[in-house]
Every structure is written in C-alpha cells, then in structure tokens.
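Here's the letter readout for the chains.
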Amino acid sequence: MIFRTMISDILSTGLRRISPCALAGCLALACQTAPDWAGRAQTESESATHLLVTGGTVVTMDDEGTVIPDGAVAIEDGRITAVGPRAELQPAHAEAYQVSADGGVIMPGLINAHTHVPMVLFRGLADDLELMDWLENHIFPAEAEHVDEEFVRVGTRLACLEMLRGGITTFVDGYYFEDAIAEEVEACGMRAVLGSTLIDFPAPDNETWEEAIAYARAFIEKWRGHSTITAALGPHSSYTVSAEHLVEAHAIATALDVPLLIHLAEDRGEIERVTQATGMTSVDYLESLGILDQRVLAAHMVFPSPSEIELLAHRDVGVAHCPQSNMKIAAGVAPVAAMIEAGVAVGLGTDGAASNNDLNLWEEIDTAAKLAKVTTGDPTVLDARQAIAMATIEGARAIGMAADIGSLEVGKRADLIVVSADGFHQQPQPAALNPYSLLAYATKASDVRHVIVEGRLVVENGRVLTLDADTVLEEATAIRRRITDGSSH
Ligand SMILES: [Zn+2]
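Remember, it's a predicted structure, so these values are computed and weren't measured experimentally.

Points about the overall build of the protein chain
Here is step 1 of the chain: The helix and strand inventory of the protein chain stands at 18 helices and 17 strands.
Here is step 2 of the chain: A total of 489 residues make up the protein chain; the buried ones form 57% of that total.
Here is step 3 of the chain: Considering only residue pairs separated by 6 or more positions, the protein chain has 76% of its internal contacts joining residues 24 or more positions apart.

Comments concerning the nonpolar core
Here is step 1 of the chain: The biggest cluster of nonpolar side chains holds 157 residues, and the ones touching the most others in it are Val-53, Val-73, Leu-164, Val-319, Ile-365 and Ala-368.
Here is step 2 of the chain: The element that contributes the greatest number of residues to this core is helix 5 (residues 149-165), accounting for nine residues.
Here is step 3 of the chain: For Leu-164, the contacting residues outside a window of four places in its chain are Cys-188, Met-190, Val-451, Val-458, Val-459 and Val-464.

What to know about helix 6 (residues 178-188)
Since one α-helical turn is 3.6 residues long, residues separated by three or four positions face the same way.
Here is step 1 of the chain: Across the 11 residues that make up helix 6, a large majority, 10, are buried.
Here is step 2 of the chain: Against the buried residues of helix 6 lie helix 5, strand 7 (168-175), strand 8 (191-198), helix 7 (209-223) and strand 9 (229-235).
Here is step 3 of the chain: Note on helix 6: the residue one or two positions beyond its end, Gly-189, has a positive phi of about 80 degrees.

Description of the packing of helix 5 against helix 18 (residues 469-485)
Here is step 1 of the chain: Look at helix 5 against helix 18: their axes get within 9 Å of each other, and the N-to-C directions meet at 130 degrees. It follows from the interaxial angle that helix 5 and helix 18 lie oblique. The handedness of the crossing between helix 5 and helix 18 comes out as left-handed. Taken together, the residues of helix 18 that come into contact with helix 5 (itself represented by Phe-151, Val-154, Arg-157, Leu-158 and Leu-161) are Ala-469, Val-472, Glu-475, Ala-476 and Ile-479.
Here is step 2 of the chain: Along the lines of polarity and charge, the residues of the contact of helix 5 with helix 18 split into eight nonpolar, no polar and two charged.

Cut-off values and rules
- Residues numbered from 1 in each chain as written.
- Predicted model: local features only at pLDDT ≥ 70, side-chain atom pairs only at ≥ 80, totals over all residues.
- Helix = DSSP H or I, 4+ residues; strand = E, 2+ residues; numbered from the N terminus.
- Buried ≥ 20, exposed ≤ 12 C-beta atoms within 10 Å, placed from the backbone.
- Contact = placed C-beta atoms within 7 Å.
- Core = buried A, V, L, I, M, F, W, Y, C linked by C-beta atoms within 7 Å.
- Axes fitted to C-alpha atoms, helices over the stretch in contact; angles between N-to-C directions.
- Parallel < 35°, antiparallel > 145°, perpendicular 65-115°, else oblique.
- Left-handed = near helix turned anticlockwise from the far one by under 90°.
- Nonpolar A, V, L, I, M, F, W, Y, C, P; charged D, E, K, R; others polar.

This is the structure we're talking about:
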C-alpha cells in the first residue's frame, strides 16, 4: 500500500514522468546478519600489506598525464609509496608480494559515481517500456512483494561481485537501510559513499521524515572515520522532498560534515514540475534554498541551462553523468562537454541495474565519449583521456575524494587495477602507445585482471577473493525465482 500511495501522490502532484532513480525511494530493506563468507581465512595474497604491482604500463591519471611504460607501483599499509619504472622499484621491493601486470595497464580503480546496488536483482525484469508502465505495472509490485532484508544484502553482494570483477573500486549508492549495504561493502573490501535516502513519503524503513533523519544520523555516526565507508545523506530529489526538508537535510549534512547526494535536472518532467511550483528550474531552485556547495553530488544533470552550468562550477557542485540510463528512458543527453569546459567536476555512473541494465563502467566511458561527439557534432570533444578521467580522477573530484583516490600518486590510498591488453579486440597496439585510446574504446570489463582496494588484493587473476560467487549466485537466483514465480516468501 505504501508504494501505491507514493506513486499516487507523485502523480496527483502533476509529475508526468518519473526517473528510474525514484525507485530508490520506494524500496524497503532491513539488515541484521553478517555474511558467512566474511569470517573465512584470508588468502596469502589477500592479507599481504606490502605489494608491488609490476610489469605494465602505469597510467597514473595525475595532473601531468604521467604514463610509465614497463612501470610499477609499490603499496604499503594501504597507501601508494612509490610509482616509477620497474627497474627502479623492483630491487627496493623484492620482499613485497608481487602482482604481475603481464604487459597490461596499471591504472586507478574506477569510480561509479551513481547507483542503487540492490536493484541488480530486478535486472531485466521489464525493459523497453514507457516509464510509468514500467514502474506501476512491473517494478513497484515486485518491490512491494519481494524487497526485504535478505533482498538488499544479496543484491549488494551480487552488485559488488559485478563491480569488483569489472574494476570498480569505489561506488556511490543511494538506497534505504543503507547500513546493511555498508556492512556488505565492508565485508567485500570495496570503498563506497553510501547515502541514506530521505524522501517525503512513508518509506518501508522509516515511516516519517523524523524517523529517517534519526536513522541517517545514527548511520553516519556508526561509520564515522571508517577507512573505506563514507556515510552520506541522500535527499532523493527536488520534487520528492520539500523545500523545508531540503534545507534541513543540507544543514545536517553540513553539521555532520558528510556528502549530500541528490538526483537533479534528470528529466523534463522534473523541470516542468519544479518550474510550475517555484518559477525556477531545478538548479536555480536549489540555489535559492542556499544548499548548493562542494558537498553536493548531483546525479544526471541532463538539463542545466548555460547559466546553471556556470553556477554549478562556481558552487563546486559535483555531477554524476549516467549516459546509458539517460539513453534507455530517452531522457536526453547531459551537456557534459560544456560542464567540463566550465570547470564542473563530472564523474560517471551506471545508475541502478533495473534501468541500465548492468554496472559496467567501461561501457559508460565509451558511451559518454561518443554521445558527447554525436550531440555536439564535434568528434574532438570529450577525448579518450577525458573519458577515462571521468571514471577516475574527475569522479574522485566530483565526490570530494580527489586527495585520496582517483590517481596513482605517492601518499594516496592504494585503489588500483590491472587491465590485460592482450585480447584480440585490443591488438595490435602495445599498451604504451596510446593507453587512453586502448582503455576508452577497446577495453571490456572482462579484461580486468587484478583489483586492489585500500592496499588489499580483492580480485586476483579475475577471481573475486572476498565473496563466495557460487553462493551469491545461488541466493540471487532463489530470490529472482520468487520474483518471476510471483510468489511471496
Ligand atoms: Zn538514481
């Protein structure tokens, strides 16, 4: 009933279209148990604290664009301690655990700047539909019937398997019962910014705004100071949260010094509704409330006006560009090249898998670059290096973590991946020739070989070490069977 009430409320207020991200505001989840797999013994490689990643082209993504053929990266206690030629680093780190790049590319881990991870369990449930048909007749009924504590934990594990295997080391999430997601993410060894969703509707985890705020405050305090989990506030959007509540959420985010995640300027329906109600477009509306600043990460940003782009740059607001999700619902194309030109930090996101339908950031890199060229009529915009930057250092900038992650530089946290360069689809160029072209236009998620997060090897030779894939797939299949059978549990 809650779900029906919510969508009726949304419709009665005149919103003609609603984004797939609105789904995140409609899911109920809970969490109590820790995964069995988390308690197992670590492998030798996984527990090593001194590693040398060696024998590949190091693409640092630093400001100078440093690329080191036949290079190496040394890691000690979670931090990068040296980046340079293999011949120099190998003798000094002979006792380190050696991770071979085998002539591939050593680069920063990818950053997925916007997603809703448990929705992987709805992957492919309903495609190629008008949005309201998709929501009302397919997704909402499935959510009301099937989403619970088990759902969110299993969904997070499956999503982390997919993301780790594809070279994503950090993701930004927005959902309910985010504390359960945080526990799962910690167990699988990923880094994440996790937004506790706030919305002006009774939600299954919290019936009232006050309850949702109390939950979020406790969530934030629980994870404060954690090495890989950053708790955040996620007021859903400018059309599902009142002005008063948006201002309150921002004040709390400021007082607690946490990021504020919001969907903004995502589709025409949102712009029309906000303009009808306030006389302003979405970005100007939030500016009038005084809540645009460097702690804000705005997802989608398909429809900023030229003056709003200037404002975003001036206020240092980060943007998460989700090209494939925007394309699938025919929302439009974000003016990425213009935003970057204005100095806005733009990262890349997959959005949830119910609407995309995967968590593959390599596809978003490729799509973002080509979409920018098609829509501007200029093949020189958003080149391969810029597209890779959006998935690494610019994504880190967008989420306010550029001092710690996003590039391979001494002192930064050791989040890096090794990508094979020997696939037929990548030949015949040596990786060092033009690594950005190789990575942006030819590399696939399946080419990722090793993944290190916070100095810990979590994927080795394509195998995720921190999750029991067979068990996760069994659990996910069981839940999916219940969904397709239409049975409750
Ligand atoms: Zn979203």
